[in-house]
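# Examination of the molecular architecture
Residues per chain are reported as follows:
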Amino acid sequence: MELSKKQRRWVGPVIALSAAASVTTLPVAAHAAPAGAASAAAVRAAVVGPAQLDLPDGFRPEGITSIPGGTDYFAGSMVDGRIWKGSLATGQGSVVTPGATGRALRGMVYDPRSRFVWTVGTHESGGGIILAVNSRTGGVVHNYRVADAQFLNDLTLAPTGLWVTDSRVERLLNIPLGSSGLPTGTGYTTTPLTGAWPVTGNTRANGIRALVDGSLLLDHSGAGGLYRVNPATGVATVVPISGGTLTGGDGIELAGNIAYVVRGNGTAVTVLKLGYGAGLALTAHWQGVISDPAFDVPSTTTRNGKYIYSINARFGVANPGAADYWVTRTPAKL
């Protein structure tokens with residue numbers, strides 16, 4: 001039986017633990033938090049907003065991001081590419097970027113240097129788009145058209161710029177960014193995915209996040225598992241996961257040496273601890289699973305304070321144009 005909006009607000013998370021292993025700590029944040037974020041984060045930690053953040057009916061969300069140390073979050077629509085700006089503290093919000101018929105937005109990431117919300121998706125006339133949006137006004141500052149894109153899906157900030165997955169093509173896209181977070185050129189480049197990267201399934205490269213050494217962490221929706229990619233060559237190596245098996249995979253969020261992998265083919269978020277093995281090879285150890293009765297096909301998540309906030313994409317729901325959608329808050333720590 002489907003829970004009502006009111007019922008979902010009062011159900012709590014179910015956290016399944018697994019035995020932890022000793023691994024070398026691996027810092028993973030690609031960029032430092034903006035000045036003042038530490039004190040703002042302390043204030044944020046004391047503010048506990050609603051466990052459910054309602055989005056407009058028929059919104060059909062997929063991507064989410066939030067401002068570190070703040071309370072604002074952003075969600076994009078697959079209906080028309082609207083962007084919703086809401087408050088984690090109050091649950092209130094409004095459309096900050098209007099949509100366009102036929103446009104669909106998926107992955108999102110916030111850059112504290114430029115204060116842009118970067119997002120990717122499908123252009124209304126075909127192909128793909130990469131947008132940089134002013135987080136205060138909602139205005140589109142940069143608009144990259146990728147005419148031959150098949151399915152631009154997720155993105156991350158790295159020392160080498162912005163990286164984007166094209167889930168039905170074995171390649172990554174890159175937009176070089178300067179130290180201020182602003183683009184240093186007028187276009188993008190592509191890097192083929194090779195090495196141990198599996199070419200199986202309809203949706204392949206999905207979630208992506210940057211490690212501090214400059215390499216990229218990807219999950220694979222079709223084959224499952226995690227892969228570390230050298231951005232200079234596109235060569236992928238398998239990240240061995242001990243203690244569990246990662247099937248499918250959608251969005252990835254990193255906090256310290258912890259990776260939150262949203263299981264787009266299920267109803268949970270897998271928690272993995274990253275570390276170094278022999279020869280500084282990246283490893284992962286299964287820590288447990290965060291689930292919640294309010295999850296309904298979560299697709300992406302964002303870490304803010306002591307919580308993660310997961311979008312419920314509700315893929316397969318009857319009458320998606322009129323269905324209700326929401327973000328579920330759960331504790332970030334197991």
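Counting restarts for each chain: residues are numbered from 1 in the order of the written sequence. In keeping with the model being predicted, local features are shown solely for residues with a pLDDT of at least 70 and side-chain atom pairs are shown and tallied solely at 80 or more, while totals for entire chains, interfaces and linings include all residues. In computing side-chain values, all of the structure's heavy atoms are included and hydrogens and water are not.

## Quick notes on the packing of aromatic side chains
Under the convention used in this document: Ring pairs shown here join Phe, Tyr and Trp side chains whose ring centres sit within 6.5 Å, with only the six-membered ring taken for Trp; geometry is labelled stacked below 30 degrees between planes, edge-to-face above 60, and tilted in between. A run of DSSP states H or I qualifies as a helix once it reaches four residues; a run of E qualifies as a strand once it reaches two. Both are numbered from the N-terminal end. Note on exposure labels: buried denotes an accessible area under 20% of the residue type's maximum, exposed denotes more than 50%, and partly exposed covers the range between, all computed with a 1.4 Å probe on protein chains only. We count a charge as sitting over a ring when the NZ of a lysine or the CZ of an arginine lies within 6 Å of the ring centre and within 35 degrees of the ring normal.
Counted under the stated rule, the structure contains four aromatic pairs. Ring geometry for tryptophan 197 against tyrosine 227: centres 5.1 Å apart, planes inclined by 70°, an arrangement best described as edge-to-face. Here tryptophan 197 is found in the loop between β15 (194-195) and β16 (205-210), whereas its partner tyrosine 227 is found in strand β18 (residues 226-229), with 30 residues between them in sequence. Since its relative accessible area comes to 6%, tryptophan 197 is described here as buried. A residue is classified by how much of its surface remains accessible, and tyrosine 227, at 7% relative accessible area, is buried. Over the face of the ring belonging to phenylalanine 151 we find arginine 168, whose NZ or CZ atom lies 4.2 Å from the ring centre.

## Thoughts on the sheet that holds strand β9 (residues 128-134)
Test applied: Should DSSP find at least two bridges between two strands, the strands are regarded as paired. Fitted lines through C-alpha atoms give the axes, limited to the stretch in contact for helices. The angle between two N-to-C directions lies from 0 to 180 degrees.
Strand order in the open sheet formed by four strands is β7-β8-β9-β10, and the pairing between neighbours is antiparallel. Across the chains shown, the open sheet's two edge strands, defined by having one partner strand only, are β7 (104-111) and β10 (140-146). Ignoring which end each strand starts from, the neighbouring axes of this sheet average 15° apart. Inspection of the sheet shows β7 paired to strand β8 (residues 116-122) by six bridges, in the antiparallel sense. Note that in β8 the partner of valine 109 across the bridge is tryptophan 118.

## As for unusual backbone geometry
Its identity as a non-glycine residue notwithstanding, arginine 314 has a phi of 55°, on the positive side. Structurally, arginine 314 can be placed in the loop between β26 (307-312) and β27 (325-331). If you check the backbone angles, asparagine 319 has positive phi at about 50° while not being a glycine. With respect to the helices and strands, the residue asparagine 319 is situated in the loop between β26 and β27.

## Points about the pattern of salt bridges
Note the threshold: When a carboxyl oxygen of Asp or Glu lies within 4 Å of a side-chain nitrogen of Lys or Arg, that pair is called a salt bridge.
All chains considered together, the criterion is met by 11 salt bridges. The partner of arginine 171 in a salt bridge is aspartate 148, and the shortest N-O contact between them spans 3.2 Å. Taken together, the residues arginine 171 in strand β13 (residues 171-175) and aspartate 148 in the loop between β10 and β11 (152-158) connect sequence positions 23 residues apart. Classification of arginine 171 as buried rests on a relative accessible area of 10%. We note a salt bridge from aspartate 324 to arginine 314, for which the minimum N-O separation is 3.1 Å. Taken together, the residues span a long stretch of sequence, with aspartate 324 in the loop between β26 and β27 and arginine 314 in the loop between β26 and β27 at a distance of 10 residues. Note on aspartate 324: relative accessible area 16%, which makes it buried. We classify arginine 314 as buried; its relative accessible area is 3%. In this structure, a network of salt bridges that share partners links the residues Asp148, Asp166 and Arg171.

## Comments concerning the confidence of the model for the chain
The cut-off we apply is this: As a per-residue measure, pLDDT reflects the predictor's confidence and takes values from 0 up to 100. Contacts are assigned to residue pairs with any non-hydrogen atoms lying within 4.5 Å of each other.
Counting all residues, the mean pLDDT for the chain is 89, and 86% of those residues have values of 70 or more. Note that residues 17-46 has pLDDT below 50 and, in this model, 55 contacts with residues that lie over four places away or in other chains.

## A closer look at the sheet that holds strand β25 (residues 298-304)
Taken in spatial order, the four strands of this open sheet run β2-β27-β26-β25, and their pairing is antiparallel. Whereas interior strands pair on both sides, the edge strands pair on one side only; in this sheet they are β2 (52-55) and β25. Pairs of neighbouring strands in the sheet enclose a mean axial angle of 20°, with direction left out of account. Of the pairings in the sheet, the one linking β2 to β27 comprises four bridges and is antiparallel in character. Bridge pairing in β27 links leucine 53 to valine 327.

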